[in-house]
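Notes for the structure review
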Amino acid sequence: MRFSHSALALAGMGLLLSSGVAQGASPAPTAPAPLPDISRMTTITPAHEPYPPADLAARQVHEAFLTAARTNRRVLLDFGGNWCPDCRILAGIFAVPSVSQWLDEHFVIVPVNVGHLDTNMELAQQYGVTIKAVPTVLILTPQGRLLNPDGTLALGSARQMAPQSVITLLNEWNQRP
């Protein structure tokens, strides 16, 4: 689940949907999505504007933790800016249909707009992370425990990374207890 303007508006009205299931309802059992194989992809289309307005971030992060706890998923906070080429490539990888399906099964994703490293910095600091470059990616348990303190900047060179290595790294972090 990715939060957007419309999802945030719905959340504010108590109508937020998670994986197509109304809040409070039990999701239908589904087979786990296998790790996507995008190893043959040579070109990723950068997302145009993957980060919503910065003033939405605090509420979206709060809602993400509620959703993660309810759905037994991890929270993926993607701190970046629409001006950042690596951030846009990372969002482009996330948008590949098989990747998107896998991500939605395992994570509640919140793209956090940090402007030009001058806003929403306190959201990362809550988890002991100081943003020095973007993208900065935090993988957190629903209780707020940081699972990748050793790799928050690992996806900072998304343009130079093989798309499959991005997914493999996210999977490794997700497997941490």
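Keep in mind that this is a model prediction, so the values were computed, not measured.

So, the overall build of the chain
Counting secondary structure elements, the chain contains 6 helices and 5 strands. Mapped from its N terminus to its C terminus, the chain presents α and β elements in the order α-β-β-α-β-α-α-β-α-β-α. Excluding contacts between residues fewer than 6 apart, the proportion of contacts in the chain whose partners are at least 24 apart in sequence is 74%. For the chain, the exposed area adds up to about 8600 Å²; of that, 56% sits on carbon and sulfur atoms.

Concerning the side chain of Asn174
By secondary structure assignment, the location of Asn174 is in helix H6 (residues 163-174). Overall, Asn174 belongs to the buried group, its relative accessible area being 10%. The contacts of Asn174, once residues within four sequence positions are left out, are Arg74, His106 and Phe107.

Examining the pairing of strand S3 (residues 74-80)
Counted residue by residue, S3 has 7 buried out of 7 residues, so it is predominantly covered. Along S3, one buried face is formed by Arg74, Leu76, Asp78 and Gly80 and the opposite face, lined by Val75, Leu77 and Phe79, is buried too. In terms of strand pairing, S3 meets strand S4 (residues 107-113) through 7 bridges, oriented parallel. Along S4, the bridge assignment pairs Arg74 with Phe107. Strand direction decides the pairing type here: S3 and strand S5 (residues 136-140), joined by 5 bridges, are antiparallel. The residue bridging Leu77 from the neighbouring strand is Leu138, located in S5.

Rules and cut-offs
Each residue is numbered by its place in its chain's sequence as written, counting from 1. This being a predicted model, a pLDDT of at least 70 is required before a residue's local features are given, and a value of 80 or more before pairs of side-chain atoms are given or counted; all residues contribute to the totals for chains, interfaces and linings. Each side-chain value is derived from all of the structure's non-hydrogen atoms; neither hydrogens nor water enter the calculation. Only DSSP runs of H or I with at least four residues qualify as helices, and only runs of E with at least two residues qualify as strands; both kinds are numbered from the N terminus onward. In this description, contact between two residues means that some pair of their heavy atoms is separated by no more than 4.5 Å. Computed by Shrake-Rupley with a 1.4 Å probe, the accessible areas treat only the displayed protein chains as cover when residues are assessed. Buried, partly exposed and exposed residues are distinguished by accessible area as a fraction of the type maximum, computed with a 1.4 Å probe on protein chains only: under 20%, between the cut-offs, and over 50%, respectively. Should DSSP find at least two bridges between two strands, the strands are taken to pair.

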